[in-house]
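Topology and contacts: notes
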Amino acid sequence: MAKESTVLIYGTNLGGYRAAYAFCKKGYKVILLNRGRYVDEMKNQALAQLPLDFCWICGHMPQRLFKAIGCVTDCYNAELLEVSGEAGHFKVKYRTKAQLVNNFACAECDQCIEVCPVRVGDRKAIFVHPEAAWENIYLIDWEQCTRCGKCEEICPTGALKLERSEEVQEMDVGVIILAPEFDEPIEADLEEFGLGKTPHVMKNSTIARKSLLTNFVRDSVTLPSGKVPQSFGIVITPHFNKSGIEYENYNLSVSAAHRAVKLKEILPEAQVTIFLRDYRGFGKKHYLWYKKAQDAGVQLVKTHKLKMTPQGEENVAIEYEENGRGGTQRVELAILITGQKSPALMEPLSRICGVKADDRGFCQIRPFSSCETDVDGIFAVGEFSGPKGNPETIWEGCAALTEALKYLGEPNFQRAAPPPLKDMAGERPRVGVFICSCFGTFNKRMDLEVLRETTEGLPGVSHTEIIRACCTPATIKETAERIKKSGVNRVVLAVCTPLQKLLKYRKTVMMAGLNPLLTEYVRLREDVIYVHKDRDKMLTKALALIRVGIERVRRGAQASPPTDAFTPHALVIGGGLSGLVAADGIASNGFTVTLVEQKDTLGGHIEYLWPAQKDYVWSLISKVESNSNVIVYKNAVLKETAGYAGNFKATVSTPDGDVSVDTGVVILATGAREYRPDGFLYGKDPRIITQLELKERLPQLLKAERGPRAVAMVQCVGSKDARHPYCSRICCDQALENAIKLRQKNSDVTIFYRDMTSYGQENLYKKAGKLGVKFVRFEDHHYPEVRKSGKTLEVVTANGNKQEADLVVLSTGIVPDIANNEDLSFLLGYPLDADGFFDSDANAYPYEEAIKRLTKPYEWATNCIYPVGLAHSPRGFDACILTARDAAGRALTILGKKRMPPPNAMYVADVKESLCMGCGVCVDVCAYSARHIDPSKKVAVVHPFLCDSCGSCVAICPNDASYLTDFKSNQPIGALDVLLGT
Amino acid sequence: MSKVFKLDESVEKSVKKLLTFLLNKGRIRGALVLQKTDGNSAVAYSLITDADALASACPLCPLMPSNAASVLSRLTLQESLPEPLAVVLRPCELRGFIELVKHGQGSLDKFLFISSVCGGVYPLKMVQVDGSVGEKLPQYWDAVKRAEIAPEIRPTCRACERFVPLGADMTVATMGESGLETKCTIFLNTDKAMGFIEGMEGKLAEEKLETEAIQQHKQKRKAEKNKLYDEIGLEKYGLSGMIDMFGKCIGCHGCSQVCPICYCEVCTFESRDLEPKPAEFERDLNKKRAIRVPPDTLFYHLGRLIHVAISCVGCGSCTDVCPVDIPVSSIFLKVRESVQELFDYVPGMDPEEAVPITKFETEELVEFED
């Protein structure tokens with residue numbers, strides 16, 4: 001029986017969205033069950049916590065836009081009812097009810113609001129959701145609604161229907177992906193902290209949401225009395241809350257530091273204190289926020305105990321214990337940085353699908369998998385399977401593709417071919433101005449007919465027309481027909497805004513056979529109607545904008561997106577854990593892989609792993625080596641590379657000579673190494689060792705009758721300092737695991753630490769504490785000293801406390817192999833970050849850098865080079881596997897494509913050969929190596945696959961020979977001329 | 001102190017003797033020198049492979065019929081020289097060529113550059129209109145001998161402070177050399193130059209190139225330059241001054257034709273791209289009621305100024321050819337000086353140094369936090 005191909009995704013967390021995107025790209029139909037009434041009513045982790053005051057909606061916009069292509073079926077008000085069958089052949093039953101206003105059909109004309117007779121405060125009974133900023137979501141206040149039906153009557157697109165019936169659907173699907181959203185602690189969960197009892201306590205996400213919408217940060221912290229607080233206490237709650245209520249995911253410490261820094265920015269005189277147990281900056285760059293907060297004058301109080309008591313109407317008292325001394329601080333506003341609750345949906349979902357919960361109530365993932373649950377073919381992604389960082393929640397989406405493809409049948413979705421475009425080269429420009437009336441609503445605000453008449457006489461304009469709209473399937477078709485009929489070869493569309501509807505407008509003109517480069521979109525609603533009241537002003541401005549559009553299209557020239565063949569092959573550099581996982585992920589899904597390892601064995605730092613992990617790596621090695629899709633070169637290194645995303649040519653030097661490899665993608669899994677400490681008498685005494693050395697020695701130590709009497713561990717050796725300003729993530733876990741094992745052998749274990757940053761292993765910390773491992777905190781840079789007096793070893797703290805030890809264990813972090821990384825960075829043109837790891841930009845710290853890469857598909861964002869595992873950043877075993885599977889997933893979405901357009905399609909630079917002298921200044925300034933001089937013709941040549949449309953070449957060219965296809969120099973000049981001339 | 005080669009003939013004869021030696025020995029395939037035209041009324045650059053043809057050569061004649069930089073660029077644009085070629089050229093021409101090579105418009109391979117400490121050149125018009133340069137030669141060399149500025153040489157040359165060649169293999173000493181009618185001192189700046197003269201009759205010695213006389217002459221040129229700046233008074237110009245100064249332009253684009261730095265074959269100002277469309281005339285007329293045609297005269301000159309300023313070597317060819325006597329070079333001189341100072345850049349000095357506009361400083365690449 002053929003396997004099913006459709007994928008069911010339950011929930012709308014970022015991992016779920018990413019998975020939907022990946023499966024669609026790969027050609028699988030997706031059913032997306034959203035429990036909410038509209039997109040993101042159920043908030044995902046980023047939206048719920050708003051770390052760094054950034055909602056990240058634009059970051060996953062591309063995957064939402066993907067819905068428009070038609071391979072995602074969106075189900076709103078949905079609930080999963082039954083699951084039966086097995087992997088590849090699930091039968092699912094779900095309930096769904098269509099949206100009140102269908103987002104995709106709605107033109108946002110607001111007529112429904114205008115006709116609504118029921119006024120409720122400053123809004124009507126039908127209203128636009130005030131907090132979802134990126135698309136207008138229409139809601140009905142059912143308590144006030146009189147069911148008069150006027151809104152439905154007037155709706156020009158039929159998007160609004162008051163009565164929607166509930167449907168129960170049964171579908172056959174191949175795999176199920178569970179992606180339920182974030183469970184935020186509610187008021188009752190935070191009663192310990194006085195939330196809701198006094199206005200002096202607020203949740204950080206509330207403040208973030210307020211300032212996000214209004215941009216008035218000061219207002220967002222103002223007390224109801226109108227007073228702006230002058231003292232703030234920022235409390236990271238999970239560790240001070242009752243056990244089992246909330247868990248810390250990885251946004252909290254950074255959120256706290258960020259909030260503190262921002263408060264200091266707007267209120268420099270205010271006293272800002274962060275109360276926390278440990279500073280846990282897990283990700284790339286996260287530790288830098290700690291430094292930033294300190295530099296901004298923020299006080300940090302690290303305490304194990306905390307109690308908050310409201311003091312009448314005035315303030316809140318925060319009692320704490322720092323270094324054994326108690327203290328109290330009164331603050332006017334306490335800001336709670338809250339964690340994550342275990343998912344409420346765990347219980348119903350385990351009932352329906354059979355998935356199991358782990359000991360904290362999150363969905364359990366099977367060992368060594370990144371997202372597969374205990375049930376074959378059912379995956380869990382994002383915050384549903386445990387507290388984690390935002391990047392991790394997203395990576396799991398593509399990792400799910402890597403792991404799930406084996407259960408799916410043949411792809412069942414094919415994207416419709418784009419409409420054929422007419423060749424208009426050499427034609428005299430005939431501009432058509434099409435003014436959208438938005439189903440007659442714009443007419444009421446301004447006189448469109450006058451606007452049209454005035455436009456008619458402008459030079460170059462051969463046709464003007466008022467259209468109904470071009471944003472619903474019917475009106476897109478209608479407008480396309482009108483454009484065709486008018487016989488124009490350039491189009492100016494005066495519409496609401498291309499910000500949301502660009503793809504629809506592009507579709508409209510392309511259906512009319514026009515190259516998108518011959519069209520301009522003027523924002524009649526956002527730039528004119530919404531911002532002006534005076535009708536004459538509106539007309540003047542609209543006319544000016546339309547004239548700019550006309551001048552631009554008159555000078556525009558058509559160009560088609562170049563395409564290039566895509567080599568269906570992957571080159572994996574590094575045969576350690578991450579490299580093996582990536583190679584296996586790609587090879588077992590049917591694509592060929594070349595794996596290059598510089599040592600003579602695969603497996604990397606296998607000696608440092610626990611037995612079960614070792615077994616996993618051994619099995620992976622034999623799986624990869626026996627897979628006929630994989631060619632392994634040992635004792636080999638990358639020698640040279642040429643080419644570009646999709647078509648790299650690599651030369652690998654092997655013991656048997658150089659081998660040339662043509663590859664579409666490159667996965668960098670070069671790993672990193674353990675930091676070797678200087679100081680702490682390391683290397684001077686055999687009893688002073690690193691955590692990894694202890695791990696190797698541990699079986700022997702444990703076999704002995706009794707372990708070493710006293711063991712002292714020093715954390716953060718060579719970490720979080722000027723040379724390595726980051727947390728390596730794994731040292732605390734290692735220390736705790738080793739400490740527990742030794743303690744069970746009755747050793748006295750003392751851990752000297754700055755912050756216990758156990759990465760997702762909170763229970764280890766608790767267990768160690770329970771077993772009697774002693775924890776001694778030291779201040780940031782006041783490390784304890786290791787001394788040797790006679791035969792005994794001593795650890796002496798900064799305040800003079802001495803502790804004897806038979807064994808001193810230094811917890812050292814991970815440092816990149818800088819020399820090797822620099823070589824590869826040079827060979828591949830892939831930058832390193834300040835710490836020497838590969839700088840993966842959008843993926844590493846999505847909330848900061850995503851916007852830069854917003855308009856590119858993810859798999860292209862890093863030009864088909866994916867750093868994974870320790871080459872990417874310091875991380876543990878499971879986290880390495882995750883990055884590798886994410887990269888494999890992203891590679892899999894494109895590896896099967898025959899031809900691909902470049903990342904920027906036709907919006908790239910080009911050269912007018914008749915003006916080019918081949919002087920090469922443009923080659924010198926091109927930061928993307930996208931240009932070279934043709935040696936025979938002596939003219940510059942652009943490689944569209946490398947060009948990032950930055951325009952440096954345009955600015956530098958002395959003869960105007962270089963230009964951007966959508967921004968030729970005379971276009972803006974012409975536009976400026978008309979603006980200045982009118 | 002540098003190595004010199006001494007000959008017992010006048011400077012001009014010595015240079016010819018040197019070229020004859022090199023040609024006869026087969027050390028060079030040919031020579032590029034100034035030569036009198038048939039009627040003796042003008043000079044032009046000629047490529048010579050036969051030593052006999054040197055009879056009518058006048059390698060140090062104080063005229064610059066065209067900038068040798070452009071000639072050399074044309075010779076080596078497609079590929080570098082197959083065999084060695086000796087070129088006798090002025091310091092500004094050599095700097096111009098090195099600048100062109102940096103812009104990918106030629107190659108320095110296999111050239112033997114022979115230059116001289118330059119006393120300046122006469123305006124081209126002198127040779128065309130009255131052919132009087134021959135008569136002026138005695139007073140020219142007399143001024144050079146005394147390290148004075150020769151009367152009547154071009155304003156650009158009077159104001160030029162870079163009259164000592166940069167990057168030449170051999171430099172003929174002239175300025176302040178009292179016996180230049182009977183003796184010649186040639187500085188051998190490179191090992192290559194040493195190799196070329198090996199076996200030639202003459203004396204090897206050591207001498208200092210930048211003599212006291214040269215230092216003093218530099219001061220005189222600087223004073224001339226400041227005088228020129230005062231005359232032009234660029235600071236007071238403003239837009240109306242510019243329009244006035246360039247208003248005379250007839251649009252022949254001769255300045256860009258002769259400019260060694262204007263290396264584009266078809267200038268964008270001459271291409272269809274910038275040609276105004278009828279509707280633009282219409283629009284401008286509606287606004288201003290009267291416009292000059294063809295438009296954009298000033299735009300052309302400013303555009304050229306922007307593109308040329310960083311690399312301009314101050315050869316003065318543009319002023320030389322202007323049929324309506326616009327002091328183009330003097331205006332460019334002032335602007336290029338401030339631009340080049342800003343980037344601490346001397347065009348044509350070091351072939352390895354990148355043109356400032358093509359390189360990023362590290363601090364420019366630092367991204368903003370948050």
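Quick caveat: nothing in here was measured; it's all calculated off a predicted structure. (Residues numbered from 1 in each chain as written. Chains lettered and ligands numbered in written order. Predicted model: local features only at pLDDT ≥ 70, side-chain atom pairs only at ≥ 80, totals over all residues.)

**Quick notes on the overall build of chain A**
Along the backbone of chain A there are 29 helices and 48 strands. Relative to the 2.2 N^0.38 estimate, which gives 30 Å for 982 residues, the radius of gyration of chain A is 31 Å and therefore close to what a compact globule would have. In terms of principal-axis extent, the alpha carbons of chain A reach across some 100 × 80 × 65 Å. (Helix = DSSP H or I, 4+ residues; strand = E, 2+ residues; numbered from the N terminus. Rg over C-alpha atoms; globule rule 2.2 N^0.38 Å.)

**Describing the overall build of chain B**
The number of helices and strands found in chain B is 15 helices and 8 strands. Rg of the C-alpha trace for chain B: 22 Å, near the compact-globule value of 21 Å for 370 residues, within the 12% margin. Expressed along its principal axes, the backbone C-alpha trace of chain B runs to roughly 75 × 60 × 40 Å. Residue burial in chain B is summarised as follows: out of 370 residues, 39% are buried. If you take every contact in chain B between residues at least 6 apart in sequence, the share linking residues at least 24 apart comes to 77%. (Buried ≥ 20, exposed ≤ 12 C-beta atoms within 10 Å, placed from the backbone. Contact = placed C-beta atoms within 7 Å.)

**Some details on the environment of Pro295 of chain B**
All names here are of chain B. Positionally, Pro295 belongs in the loop between helix H11 (278-288) and helix H12 (297-308). Accessibility expressed as a C-beta count within 10 Å gives 14 for Pro295, which makes it partly exposed. The spacing of Pro295 and Ser116 is 179 residues in sequence and 43 Å in space, taken between C-alpha atoms.

**Here's the deal with the interface of chain A and chain B**
Contact with chain A, which involves 18 residues of that partner, is made by 21 residues of chain B. Secondary structure elements with two or more residues in the side of chain A that touches chain B: helix H27 (921-925) and helix H29 (970-981) of chain A. Counting residues per element, the side of chain A that touches chain B draws most heavily on H27 of chain A, which supplies 3 residues.

**Quick word on the packing of helix H1 (residues 14-26) of chain A against helix H11 (residues 390-404) of chain A**
All names here are of chain A. Running from amino to carboxyl end, H1 crosses H11 at an angle of 35°, the nearest separation of the two axes being 7 Å. Judged by the twist between their axes, the crossing of H1 over H11 is right-handed. Residues Leu14, Gly15, Gly16, Tyr17, Arg18, Ala19, Ala22, Phe23 and Lys26 of H1 pack against Thr393, Ile394, Glu396, Gly397, Cys398, Ala400 and Leu401 of H11. In terms of residue class, the contact of H1 with H11 is built from 9 nonpolar, 4 polar and 3 charged. (Axes fitted to C-alpha atoms, helices over the stretch in contact; angles between N-to-C directions. Left-handed = near helix turned anticlockwise from the far one by under 90°. Nonpolar A, V, L, I, M, F, W, Y, C, P; charged D, E, K, R; others polar.)

**What about the sheet that holds strand S10 (residues 166-173) of chain A?**
Residues and elements named next belong to chain A. Ordered by their spatial adjacency, 3 strands build an open sheet running S4-S5-S10, and the pairing between neighbours is antiparallel. The sheet terminates laterally at strand S4 (79-86) and S10, the two strands that pair on one side only. Adjacent strand axes in the sheet meet at a mean angle of 15° when their direction is disregarded. Sheet topology places S4 next to strand S5 (residues 89-97); 7 bridges connect them, and they run antiparallel. Looking at the pairing, Ser84 lines up with Lys91 of S5. (Pairing = 2+ DSSP bridges.)

**Things to note about the pairing of strand S29 (residues 637-644) of chain A**
Residue and element names in this part refer to chain A. Where S29 and strand S30 (residues 647-654) come together, 7 bridges link them in antiparallel fashion. In the sheet register, Gly643 faces S30, and the bridge partner there is Phe648. Between S29 and S30, which pair antiparallel and follow one another directly, the connecting turn spans 2 residues, one of which, Gly646, has a positive phi of 95°.

**A closer look at the domain arrangement of chain B**
Residues and elements named next belong to chain B. Assigned domains within chain B: domain 1 (2-227) and domain 2 (231-358). Measuring from the centre of the C-alpha atoms in domain 1 to the corresponding centre in domain 2 gives 29 Å. In this assembly, 30 residues from domain 1 lie in contact with 22 residues from domain 2. Among the elements that make up the side of domain 1 that touches domain 2, the one with the highest residue count is helix H3 (residues 91-102) (10 residues). (Domains from an automatic or database assignment.)

**A few points about the sheet that holds strand S2 (residues 30-33) of chain A**
Residue and element names in this part refer to chain A. Ordered by their spatial adjacency, 5 strands build an open sheet running S3-S2-S1-S11-S20, and the pairing between neighbours is parallel. With partners counted over all chains shown, the strands left at the sheet margins are strand S3 (72-75) and strand S20 (378-380), one partner each. With direction set aside, neighbouring strand axes in the sheet form an average angle of 20°. Direction of pairing for strand S11 (residues 175-178) relative to S20: parallel, over a ladder of 3 bridges. By the bridge assignment for S20, Leu178 is matched with Ala380.

**What to know about the nonpolar core**
Membership of the largest hydrophobic core comes to 306 residues, with the highest contact counts inside it found for Ile9, Ile176, Leu178 and Ile667 of chain A. Two domains each provide a minimum of three residues to this core, namely domain 1 (2-227) and domain 2 (231-358) of chain B. Excluding residues that lie within four positions of it along the chain, Leu178 of chain A makes contacts with Tyr10, Gly11, Leu349, Val355, Cys363, Ile378, Phe379, Ala380 and Phe384 of chain A. (Core = buried A, V, L, I, M, F, W, Y, C linked by C-beta atoms within 7 Å.)

**Topic: the confidence of the model for chain A**
Mean pLDDT for chain A: 89, with 95% of residues reaching 70 or above. Segment residues 842-855 of chain A: pLDDT under 50, and 29 contacts once partners within four positions in sequence are set aside and those in other chains are kept. (pLDDT = per-residue confidence, 0-100.)

**So, the packing of helix H14 (residues 473-486) of chain A against helix H15 (residues 498-511) of chain A**
Residues and elements named next belong to chain A. Axis separation between H14 and H15 bottoms out at 8 Å; the angle between their running directions is 40°. What the angle tells us is that H14 and H15 run oblique. With respect to the hand of their crossing, H14 and H15 are arranged in right-handed fashion. Contacts between H14 and H15 involve Ile476, Lys477, Thr479, Ala480 and Ile483 from the first element and Lys504, Lys507, Thr508, Val509 and Met511 from the second. Here the contact of H14 with H15 is built from residues that sort into 5 nonpolar, 2 polar and 3 charged. (Parallel < 35°, antiparallel > 145°, perpendicular 65-115°, else oblique.)

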